[in-house]
Amino acid sequence: HVESYFKVGVIAGDGIGTEITESAIQVLQKLADVSGSFVWEFTHYDWSSDKYLERGWYMPEDGLEQLKRHDAIYFGAVGSPKVPDHISLWNLILPIRKTLTQYINLRPTRILPGTSSPLKSCQIGDLDWVFVRENSEGEYAGHGGITEVAPGNAIGTELAIFSQAACERVFRFAFDTARSRPRKKLTMVTKSNAQRYGMVLWDKIFWEIAKEYPDVETDKMLVDAMTVRMTLHPKSLDTIVATNLHADILTDLAAALSGSIGIAPSSNLDPTRRNPSMFEPIHGSAPDIAGKGVANPIGALWSAAEMLRWLGAGREADELVKSIETVTEAGVRTRDLGGVATTKEVTDTVCKELENIY
Ligand code: NAI
Ligand code: MG
């Protein structure tokens, strides 16, 4: 029997984005087949940097309208050495996040069974974090300009925006996330010592919202000191809320400390559910390994599991995460995790594991 019908827009993008998306679709299809709980309708969009070079656009004019018709969006990665990165980002992924008001970027990080942290004394369980990244404004608001005041004297500005409404909604989401986890602990990241307007407002609103959550333990870290704490005292952290830029940087560090950037998932959420949310690994198109078949698909598969969870298939999401963990524990790992397996071998092994579970 089939309980649900999920319509998903798929944008594989560039480089390893296409390889790991293929892996995610294979595993999601397998899960539908073996569980019998749902049916996928995937719509593939060939929006990528190569197509941009050919056609002059990343998304057609009604691209965002097309995406709105889906229950969710699955995204690989965008970025090519042949296109400046700000062009690819601002023509594809950032307009989707912003226009579909995906104002939360949720990024869990932990050490998977059978793998290890580059931190000497950090065991599985010692590093188990969830980053809540502000995903709609901040340093990525897109305000600024370049003026050539005089020949040879150009000035660039990059304006960070912190609005009360956006701060309140991201903090409430972060407190709810912290509250849902056993330790009920939330760390707020800031730079309000040097940045005395936007970041000061960010802090002030955080402490106001904190009053609504007396059961959640809170603390505050300056972003530079946060890198030290993540490295030296990973166990002291649980849920973390940070700005668009800060969390972008800190989650790459978090992924590396948990074993590899190749395992880290992310969910771009519109918690109001007025628009589809988008699921993607945190890594980019990795041109250095693209086309070699060695990209780690786990970040993509874990993101696919989070998509299932968001769509209401929590049990199947858990089964998928469990299968991924069984496979890493069994030693089927790509190079970035110290193994020798290819993308395809990891994917096929996860599929076999799903067959075993059902
Ligand atoms: P990257 O994440 O693509 O790669 C950084 C390093 O991690 C590389 O050495 C790469 O080989 C390795 N790596 C990444 N994912 C991996 C995986 N699944 N398995 C094994 N190794 C993996 O970041 P980079 O090099 O800074 O950016 C490359 C391109 O991707 C740029 O054009 C950038 O703008 C774009 N980008 C796109 C993102 C997105 O689509 N959301 C996010 C980050 C970068
Ligand atoms: Mg990033």
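Residues numbered from 1 in each chain as written. Chains lettered and ligands numbered in written order. Predicted model: local features only at pLDDT ≥ 70, side-chain atom pairs only at ≥ 80, totals over all residues.

(A) Just the overall build of the protein chain, in detail. When its secondary structure is counted, the protein chain shows 11 helices and 12 strands. In terms of overall dimensions, the protein chain is globule-like: its C-alpha atoms have a radius of gyration of 20 Å, near the 21 Å expected for 358 residues. Counting the 358 residues in the protein chain, one finds 46% classified as buried. A separation of at least 24 residues holds for 76% of the contacts in the protein chain among residues at least 6 apart in sequence. (Helix = DSSP H or I, 4+ residues; strand = E, 2+ residues; numbered from the N terminus. Rg over C-alpha atoms; globule rule 2.2 N^0.38 Å. Buried ≥ 20, exposed ≤ 12 C-beta atoms within 10 Å, placed from the backbone. Contact = placed C-beta atoms within 7 Å.)

(B) Structural view of the domain arrangement of the protein chain. When its domains are assigned, the protein chain resolves into domain 1 (1-103 + 265-358) and domain 2 (117-258). No other element matches helix α4 (residues 85-99), which puts three residues into the side of domain 1 that touches domain 2. Here the side of domain 1 that touches domain 2 is built from residues that sort into four nonpolar, three polar and two charged. (Domains from an automatic or database assignment. Nonpolar A, V, L, I, M, F, W, Y, C, P; charged D, E, K, R; others polar.)

(C) Summary view of the nonpolar core. By size, the foremost hydrophobic cluster in this structure holds 92 residues, and its most contacted members are Y74, V241, L301 and A304. It is helix α9 (residues 298-311) that provides the largest number of residues to this core, a total of nine residues. When residues of this core are sorted by domain, at least three fall in each of domain 1 (1-103 + 265-358) and domain 2 (117-258). Setting aside its immediate chain neighbours within four residues, L301 contacts S23, A24, V27, L320, I324 and V350. (Core = buried A, V, L, I, M, F, W, Y, C linked by C-beta atoms within 7 Å.)

(D) Geometry of the packing of helix α7 (residues 223-232) against helix α8 (residues 244-257). Contact geometry of α7 with α8 gives a least axis separation of 11 Å together with a crossing angle of 15°. In terms of orientation, α7 and α8 fall into the roughly parallel class. Here α7 runs over α8; the crossing is right-handed. Of α8, the residues touching α7 (which contributes V223, M226, T227, M230 and T231) are H246, L250, L253, A254 and L257. Residue classes in the contact of α7 with α8 are distributed as seven nonpolar, three polar and no charged. (Axes fitted to C-alpha atoms, helices over the stretch in contact; angles between N-to-C directions. Parallel < 35°, antiparallel > 145°, perpendicular 65-115°, else oblique. Left-handed = near helix turned anticlockwise from the far one by under 90°.)

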